[in-house]
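Commentary on secondary and tertiary structure
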Amino acid sequence: MRRMSDGVEAALHCALVLAGLPPGRVLTGKSLAALHGLSDSYLLKHLRALAEAGVIEAVPGPRGGYRLARAPAAISLLDIVAAIDGTEPAFTCREIRRRGPGKAKEPCVYKTDCFIKTRMLAAEQAWRSALQGQTLQDLVADGDRLIDPQNKAAVARFVQDEQR
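Definitions and limits used
- Residues numbered from 1 in each chain as written.
- Predicted model: local features only at pLDDT ≥ 70, side-chain atom pairs only at ≥ 80, totals over all residues.
- Heavy atoms only, no water.
- Pairing = 2+ DSSP bridges.
- Helix = DSSP H or I, 4+ residues; strand = E, 2+ residues; numbered from the N terminus.
- 1 Å grid on protein atoms, 1.4 Å probe; cavity = no way out; pocket = protein on both sides within 12 Å on 5 of 7 lines; lining within 4 Å.
- Points joined across faces, edges and corners; volume = space filled by probe spheres on them.
- Nonpolar A, V, L, I, M, F, W, Y, C, P; charged D, E, K, R; others polar.
- Core = buried A, V, L, I, M, F, W, Y, C linked by side-chain atoms within 4.5 Å.
- Buried < 20%, exposed > 50% of the residue type's maximum accessible area, 1.4 Å probe, protein only.
- Contact = heavy atoms within 4.5 Å.
- Axes fitted to C-alpha atoms, helices over the stretch in contact; angles between N-to-C directions.
- Left-handed = near helix turned anticlockwise from the far one by under 90°.
- Patch = residues over 30% accessible without salt bridge, like charges linked within 9 Å, V, L, I, M, F, W, Y side chains within 5 Å.
- Areas by Shrake-Rupley, 256 points an atom, 1.4 Å probe, with all protein chains shown as cover.
- Salt bridge = Lys/Arg side-chain N within 4 Å of Asp/Glu carboxyl O.

Here the focus is the pairing of strand β1 (residues 56–59). Examined bridge by bridge, β1 and strand β2 (residues 65–68) share 4 bridges and lie antiparallel to one another. Of the residues in β2, the one forming a bridge with glutamate 57 is arginine 67. Between β1 and the antiparallel strand that follows it, β2, lie 5 residues; glycine 61 among them carries a positive phi value of about 105°.

Given below as structure tokens:
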């Protein structure tokens, strides 16, 4: 399993909170950072990446903040992961099979891709497909079902007080 950066967790939680905002409302980066116990500068870096990827919108001005750029059902978990961690493959084949005393002398032996590379890239594609097949709306549904009522109420109060 590929290790995702800590920013992915923060981005997923922030997107989930933004999914619950009423239309036309925003939350500031400072409010999102406070809600999740994160530093402003740390979270703002990730919010900018989400905005550049078109997952959220940054609304400028004194009453500005962040909101989703698309409906939660139109935002895949892969969209969020890729915005934070990038789209580069987790596995990079360095062709070490062509080095050392065990390498073949005949270059034609290496016409096909390394079978290790093929397997690793297939596994990563399965991982990416699994993330692509899940949306922010799925997280909203999970939250409705799994977050305890006291926690929901506390977050709702915070968001109500902080939204613009």
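Next comes the rest of the account.
In this structure, the largest pocket encloses a volume near 530 Å³. Around the largest pocket, the lining comprises 19 residues; the ones closest to its centre are Leu16, Val17, Ile147, Lys152 and Val155. In terms of residue count, the dominant contributor to the lining of the largest pocket is helix α7 (residues 149–162) (6 residues). Of the residues in the lining of the largest pocket, the class split is 10 nonpolar, 7 polar and 2 charged.

Quick look at the nonpolar core now. One recurring pattern in soluble globular proteins is that nonpolar side chains are buried together. Leu18, Leu32, Leu47, Leu50 and Ile56 are the most contacted members of the largest nonpolar core, which totals 30 residues. Leave out the neighbours within four places in its chain, and isoleucine 56 touches Leu18, Leu47, Leu50, Ala51, Tyr66, Arg67, Leu68 and Ala69.

Two elements in contact, helix α2 (residues 29–36) and helix α3 (residues 40–52), have axes whose closest approach is 9 Å; the angle formed by their N-to-C orientations is 115°. Regarding α2 and α3, the two cross each other, and that crossing is right-handed. Residues Gly29, Lys30, Leu32 and Ala33 of α2 lie in contact with α3, whose contacting residues are Asp40, Leu43, Leu44 and Leu47. Counted by class, the contact of α2 with α3 contains 5 nonpolar, 1 polar and 2 charged residues.

Moving on: a nonpolar patch on the surface. Taken together, the side chains of Phe115, Ile116 and Met120 define a hydrophobic patch exposed on the protein surface, amounting to about 330 Å² of accessible area. Its location among the elements puts phenylalanine 115 in helix α5 (residues 115–132). Its relative accessible area of 64% is what places phenylalanine 115 among the exposed residues.

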